[in-house]
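As a plain string of letters, each chain reads:
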Amino acid sequence: MLELKDIVWDADDGERIIDGVSFKVPDHKLVVITGPNGGGKTTIAKLIAGIVEPTSGEMYFNGDEITRDSITDRARKGISYSFQQPVRFKGITVREMMNLAAGRELSDHALCNLLGRVGLCMADYIDREISAKLSGGEIKRIEIASVLARRSSMMVFDEPEAGIDLWSFTQLVQVFETLKKEEHASLLIISHQERIIDIADEIIVVKDGKVAGQGTKEEILPTLMLQGYNDSCSVKKMRNVI
Ligand SMILES: Nc1ncnc2c1ncn2[C@@H]1O[C@H](COP(=O)(O)OP(=O)(O)OP(=O)(O)O)[C@@H](O)[C@H]1O
Ligand SMILES: [Mg+2]
């Protein structure tokens, strides 16, 4: 289980971006974080992956405190993270990236299977360099495949739907379900997509750096629909402007 306890993160200019966030991702569950743009979702994912360090608060993974652990330590313990906007590791091929992620040389059969899960044909991509020549959707799918290659027990996906066409997205939703049900992974998915919200065990709404709501789809969806979460002029933002 992953647990965040009262996590706070202040940006370099002192602005409080994450303001006392606490939640749990139980084993073998799929938790979705949703909420308005700029609410703090990606920052929470980066805090979990160890890319940014919390100003205060604690984080635990399977009972171990990981608050100050490095990215590598967390990866070793079984946490993997897929970026909202994937990094293009120029100079390496898709095959090399997949092998790096898996920590071993993958067979062509395994590579074909992994890339197939994100709707890519191995022969077309395997020797291509991860450069600007790949489209946004291609790079996103390759990155998701590299997270699958890691076979971590806890996978964090930041807006996996971004840039992915509808057909591949349907396939991706099935991949998430299989990961949870058959491979017993725990998943934390940041998403605005109703079809991902549909398969969640729990939904967390993050707004203004805080947990604004938490519960099952049945509990959360009506409030999301009723209030809408995109009130673009929150009190906090108005205060900043004034
Ligand atoms: N390094 C940083 N320094 C200052 N402000 C930051 C930094 N990183 C993020 N922010 C700000 O923190 C807020 C939350 O950003 P974050 O990327 O976590 O939002 P988000 O919920 O993922 O939004 P989206 O739905 O658009 O992806 C934003 O207002 C953003 O501009
Ligand atoms: Mg984001």
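About the cut-offs
Residues numbered from 1 in each chain as written. Chains lettered and ligands numbered in written order. Predicted model: local features only at pLDDT ≥ 70, side-chain atom pairs only at ≥ 80, totals over all residues. Heavy atoms only, no water. Buried < 20%, exposed > 50% of the residue type's maximum accessible area, 1.4 Å probe, protein only. Helix = DSSP H or I, 4+ residues; strand = E, 2+ residues; numbered from the N terminus. Arc of directions from axis to C-beta. Contact = heavy atoms within 4.5 Å. Pairing = 2+ DSSP bridges. 1 Å grid on protein atoms, 1.4 Å probe; cavity = no way out; pocket = protein on both sides within 12 Å on 5 of 7 lines; lining within 4 Å. Points joined across faces, edges and corners; volume = space filled by probe spheres on them. Nonpolar A, V, L, I, M, F, W, Y, C, P; charged D, E, K, R; others polar. Polar contact = N/O pair within 3.5 Å; in protein donor to acceptor, adjacent residues only side chain to side chain. Near = heavy atom within 4 Å. Areas by Shrake-Rupley, 256 points an atom, 1.4 Å probe, with all protein chains shown as cover.

Engineer: Account for helix α4 (residues 108-117), naming residues and giving values.
Structural biologist: Turning to α4, its buried residues are Leu111, Leu114, Leu115 and Arg117. What you see down the axis of α4 is that its buried residues fit within an arc of 155°, all on one side. Contacts from the buried residues of α4 go to α3 (94-102), α5 (122-125), α6 (136-150) and α7 (166-181). Just downstream of α4 lies Gly119, where phi reads positive at about 80°.

Engineer: Just give me the short version of the sheet that holds strand β1 (residues 2-10), but keep the residues and values in it.
Structural biologist: With antiparallel pairing, the four strands of this open sheet are ordered in space as β2-β1-β4-β5. Either end of the sheet is taken by a strand with one partner, and the two such strands are β2 (16-25) and β5 (64-65). Two strands pair when backbone bridges link them, and β1 and strand β4 (residues 56-61) are joined in this way by five bridges, in the antiparallel orientation. Bridging from a neighbouring strand, Leu4 pairs with Met59 of β4.

Engineer: Residues and numbers for the layout of surface pockets, please.
Structural biologist: As a volume, the largest pocket reaches approximately 400 Å³. Together, 17 residues line the largest pocket, and Ile71, Tyr81, Phe83, Phe89 and Arg150 are the ones closest to its centre. At the level of secondary structure, the elements contributing two or more residues to the lining of the largest pocket comprise α2 (71-77), β6 (79-82), α3 and α6. For the lining of the largest pocket, the class distribution of residues is twelve nonpolar, two polar and three charged.

Engineer: Describe the environment of Asp127, listing the residues and the values that go with them.
Structural biologist: With respect to the helices and strands, the residue Asp127 is situated in the loop between α5 and α6. Between the C-alpha atoms of Asp127 and Ile92, which are 35 residues apart in sequence, the distance is 9.1 Å. Apart from the residues within four sequence positions on either side, Asp127 is in contact with Thr93 and Arg95.

Engineer: Could you give an account of the side chain of Ser152, with specific residues and numbers?
Structural biologist: Looking at the secondary structure, you find Ser152 in the loop between α6 and β7 (154-158). On the basis of relative accessibility, which here comes to 9%, the residue Ser152 falls in the buried class. Among the polar contacts listed, one links the side chain of Ser152 to the side chain of Ser80, at a separation of 3.1 Å. Excluding residues that lie within four positions of it along the chain, Ser152 makes contacts with Gly78, Ile79, Ser80 and Ala185.

Engineer: Tell me what's going on with the site of ligand 1, and back it up with residues and numbers.
Structural biologist: What surrounds ligand 1 is a group of 14 residues, the closest being Asn37, Gly38, Lys41, Thr42 and Thr43. Gly38 has a polar backbone atom sitting 2.8 Å from an oxygen atom of ligand 1. In the model, an oxygen atom of ligand 1 is placed 3.5 Å from a nitrogen or oxygen of the Glu159 side chain. With the chains in place, 60% of the 650 Å² that ligand 1 exposes on its own is no longer accessible. Here the shell around ligand 1 is built from residues that sort into four nonpolar, eight polar and two charged.

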